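In case you want the letters, here they are:
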2 protein chains.
Amino acid sequence: MSGTARRTGDHRRPTVADVAREAGVSVATAGRALGNYGKVGADLRERVQTAAELLGYSPNVVARSMRSGGTQSIGFVGADISNPFFATAMRGLCDVAREEGYEPILANSDDRLDVERNAVGVLLDKRIDGIVVSPTSVLDVEHLRRAEEQGVPVVLLDRHSPVLAVDSVLIDNIAAAKSAVAHLLGEGHRRVGVLASVDPVERPEFEDVDGELVVHGAQRPSVDRIRGYLSAMHAGGVRVTTDLICSAALGDVADADHRAGELLSRTPRPTAIFATDNVTTQGLYTAIRRLGLRIPDDVSLVGFDDLDWTTLVEPALTVVAQSPIDMGRKAAQRLFARIKGDESAPQQYLMRTHLVVRGSTAPPHSS
Amino acid sequence: MSGTARRTGDHRRPTVADVAREAGVSVATAGRALGNYGKVGADLRERVQTAAELLGYSPNVVARSMRSGGTQSIGFVGADISNPFFATAMRGLCDVAREEGYEPILANSDDRLDVERNAVGVLLDKRIDGIVVSPTSVLDVEHLRRAEEQGVPVVLLDRHSPVLAVDSVLIDNIAAAKSAVAHLLGEGHRRVGVLASVDPVERPEFEDVDGELVVHGAQRPSVDRIRGYLSAMHAGGVRVTTDLICSAALGDVADADHRAGELLSRTPRPTAIFATDNVTTQGLYTAIRRLGLRIPDDVSLVGFDDLDWTTLVEPALTVVAQSPIDMGRKAAQRLFARIKGDESAPQQYLMRTHLVVRGSTAPPHSS
DNA sequence: TTGTATGCGTTATCAA
DNA sequence: TTGATAACGCATACAA
């Protein structure tokens, strides 16, 4: 009996040829029997299968990929897998991928365009069948366009690009932020601050139009959430000044804490603050505690992302909840639809969010 | 000028042959110039490179893999990427992989052996060059042994297998747990409980040997942490009974909360509890709050894993800190050492842990 | 140094 | 139904 591995280093895995020899048939027949394509007689199929079993055959996917062009692999490029948002989205993506018989290859961009470009290039060279990306820039997307041109579908996660005709899966950032701020206004707050994360390369600019502040800048989560904030404030008839709008470096909790501290030392102090993502929420929370302020007595807080810890602290935080796992799933579903040939017009898929009102928001103490 | 993509669906990417034709040289020369191997004249190299540039050539890694055998991909199989421990370890692994020019393929096992086996099989079929796995079982490891036999190095993360001769990267679970419990004993606690996560298929068994409790069962984190607990208690001269040892379903916060509730309703109530991982820590914390108990006045708590939230709650939690990112890095480093041919005897790499004493532990209120 | 020819393992085409 | 053979794209052994 030959064929089973005898020692470490016995690298060679059996091929169809080996199986064919063992079964005494041609490689073509063996291939057909193993791959379940074409016509094979029942007896030969049997012989081939037992031979395969005996040798411990399993197909070389690389060779198959070379012929078929497909690799049964997809790529996922996000800023940082250790961020709970991406980790959870990745989980959803993995689940759908596995249902489809695919495996995901992961790359972190750290929100650096060069890193992202490089990662996308590597993934294309690996001939992935599709790619989900949460792009650093929604304007500089040549690398993603190239993917599309090569026939590799792209789906954007948590971002939409005005210059790239692909599906995108995200939330209605403006509406979500608006609901958060409207809640604060409803509680009676007037001096409401916002703490956003802003990427240095696509930072928003503010313009005062007839006493009303408007934001210029690409449609990215942070910026749109500022838009939602402004929209709510305007709808509530509250004048906004730029000293209530504060931004911290993307993904940097310490900086968020620092900036939140600045925001909290404006005079008069904001009676409520809206943090636009989970990192700024955490920074804001620690800053409030560092300054010895009480929630919600001294300051109300609405955070973003319904992470576990927001219910572990006391009081539990009012947050805008989104569902990263569903976003990951949806993105994967759209990607596989495209991989399977869906040619319909690209869409923005806006996933549900909801405001979870908990104990960190209350009417302002003194007005 | 031909060759650049004209429309979506123009799938064909240029090959060395295309570049060779464009440059007016043979495929061999083009290949040598592009792959930087063999000898090529400066002028021809130039011609080839500009031709490649013009056509937008980049190598087909799949074809290269078929010849070379290597894929520049590694696998990572963990229970659940949305668990912060795995997400952070994955981050470390990604970083090292990228430095080495590799990309990781991710699979979640949900601590299910069949899922894990299948995932490993798929990864092997994809001809990954190595695999880091945090195995569901440390005894049933045939699938991992098969990988080794095929020449695919395996590194275990957060687990050690007595029946598999491969590197493993983990912490000294016994010592870490012992230090946690010793701290509680040092504070004067005697009635100390432990809340562990236990996999149903490899659950530990307890035996009373001369009035001293010993655990039987494979060397897994949870079980070893129970061992550390027992060791500390024994060293402190405290008798342990099984009613102080409680276990919850792996990865299930709700169950951990439930079990913690049971543990907290023993009479007399434990004055301190050690939770063996981040999931049970969270469950224990919510159970304590649900029952209206105060930390550390009514019950002291030592948790496991230094997650952000443990410093956001009040009081901040005393925890055993490990460094998942370093564990991920280390595992990747060992894997690449093996991939590069390191044949030295497999080792257990024990990573640093330390007890971070914060406000959730204090002497028992009344003794 | 450059070119020709061949193999990697699968799958598909074609002929028997 | 079965078998011989070509092709995917790259890298190499060998010939020129």
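The following paragraphs examine the structure supplied in this document. (Residues numbered from 1 in each chain as written. Chains lettered and ligands numbered in written order. Predicted model: local features only at pLDDT ≥ 70, side-chain atom pairs only at ≥ 80, totals over all residues. Heavy atoms only, no water.)

## Topic: empty space enclosed by the protein
Following the criterion strictly, the structure yields three cavities of 30 Å³ or more and no others. Estimates place the volume of the largest cavity at around 230 Å³. In terms of lining residues, the largest cavity is bounded by 14 residues, among which K126 of chain A together with V62, T71, S73 and K126 of chain B are the most central. Contributions of two or more residues to the lining of the largest cavity are made by α4 (61–68) of chain A together with α4 (61–68) of chain B. A breakdown of the residues in the lining of the largest cavity according to their chemical character gives six nonpolar, six polar and two charged. There is about 80 Å³ of room inside the second largest cavity. As for the second largest cavity, its lining consists of L106, A107, N108 and D110 of chain A together with R91, C94, D95, R98, Y102, E103 and P104 of chain B. (1 Å grid on protein atoms, 1.4 Å probe; cavity = no way out; pocket = protein on both sides within 12 Å on 5 of 7 lines; lining within 4 Å. Points joined across faces, edges and corners; volume = space filled by probe spheres on them. Helix = DSSP H or I, 4+ residues; strand = E, 2+ residues; numbered from the N terminus. Nonpolar A, V, L, I, M, F, W, Y, C, P; charged D, E, K, R; others polar.)

## Notes on the relation of the copies chain B and chain A
You can overlay chain B on chain A at an RMSD of 0.1 Å; the transform is a turn of 180 degrees with a shift of 0.0 Å along its axis. Here the two chains are linked by the operation of a two-fold rotation axis. A symmetric contact is evident, with 100% of the interface residues of chain B recurring at the interface of chain A. (Least-squares fit on C-alpha atoms with pLDDT ≥ 70 in both. Contact = heavy atoms within 4.5 Å.)

## Focus: the packing of aromatic side chains
Residue and element names in this part refer to chain B. Tallied over the full model, the rule gives eight aromatic pairs over all chains. Ring geometry for F85 versus F86: centroids 5.4 Å apart, planes at 85 degrees, classification edge-to-face. Relative accessible area serves as the criterion here: at 8%, F86 is assigned to the buried category. Ring geometry for F274 and F304: centres 6.2 Å apart, planes at 50 degrees, overall tilted. (Phe/Tyr/Trp six-rings, centres within 6.5 Å; stacked < 30°, edge-to-face > 60°. Buried < 20%, exposed > 50% of the residue type's maximum accessible area, 1.4 Å probe, protein only.)

## Details of the environment of A362 of chain B
Residues and elements named next belong to chain B. Along the chain, A362 falls in the segment after β14 (354–356). Sequence separation of A362 and A249 is 113 residues, and the distance between their C-alpha atoms is 29 Å. Those residues within four positions of A362 in sequence are excluded, and the remaining contacts are E187, H189, P296 and S300.

## Observations regarding the sheet that holds strand β12 (residues 318–321) of chain B
Residue and element names in this part refer to chain B. Spatially, the six strands line up as an open sheet ordered β9-β6-β10-β11-β12-β14, and their pairing is mixed. Both edges of this open sheet fall to β9 (245–249) and β14, since each of them pairs with a single strand only. Direction aside, neighbouring strands of the sheet carry axes that sit 20 degrees apart on average. Two elements, strand β6 (residues 192–198) and β9, share five bridges in a ladder whose sense is parallel. (Pairing = 2+ DSSP bridges. Axes fitted to C-alpha atoms, helices over the stretch in contact; angles between N-to-C directions.)

## A word on the protein's contact with DNA strand D
Neighbouring residues of DNA strand D: 23 residues in total, closest T29, R32 and G41 of chain A together with V16 and R64 of chain B. In the interface set of DNA strand D, defined as its atoms within 4 Å of the protein, sugar plus phosphate atoms amount to 61%. The contact in question runs from a phosphate oxygen of DNA strand D to an N or O atom on the side chain of R64 of chain B, over 2.5 Å. One nitrogen or oxygen atom from the side chain of R67 of chain B is found 3.0 Å from a sugar or linking oxygen belonging to DNA strand D. Of the residues forming the surface near DNA strand D, the biggest block, four residues, is contributed by helix α2 (residues 27–35) of chain A. Residue classes in the surface near DNA strand D are distributed as 12 nonpolar, five polar and six charged. (Near = heavy atom within 4 Å. Polar contact = N/O pair within 3.5 Å; in protein donor to acceptor, adjacent residues only side chain to side chain.)

## What to know about the sheet that holds strand β6 (residues 192–198) of chain A
Residue and element names in this part refer to chain A. Taking strand neighbours across the sheet as the criterion, the six strands line up as β9-β6-β10-β11-β12-β14 in an open arrangement whose pairing is mixed. Two strands close off the open sheet at either side, each with one partner strand: β9 (245–249) and β14 (354–356). Taking each pair of neighbouring strands and ignoring which way they run, the sheet shows an average axis angle of 20 degrees. Summarising the sheet, strand β10 (residues 272–275) and strand β11 (residues 300–304) pair through three bridges and their orientation is parallel. When the sheet's bridge partners are listed, I273 is paired in β11 with L301. On top of the sheet, helix α11 (residues 278–290) reaches β6, β10 and β11; it is set at about 155 degrees to β11, its chief contact.

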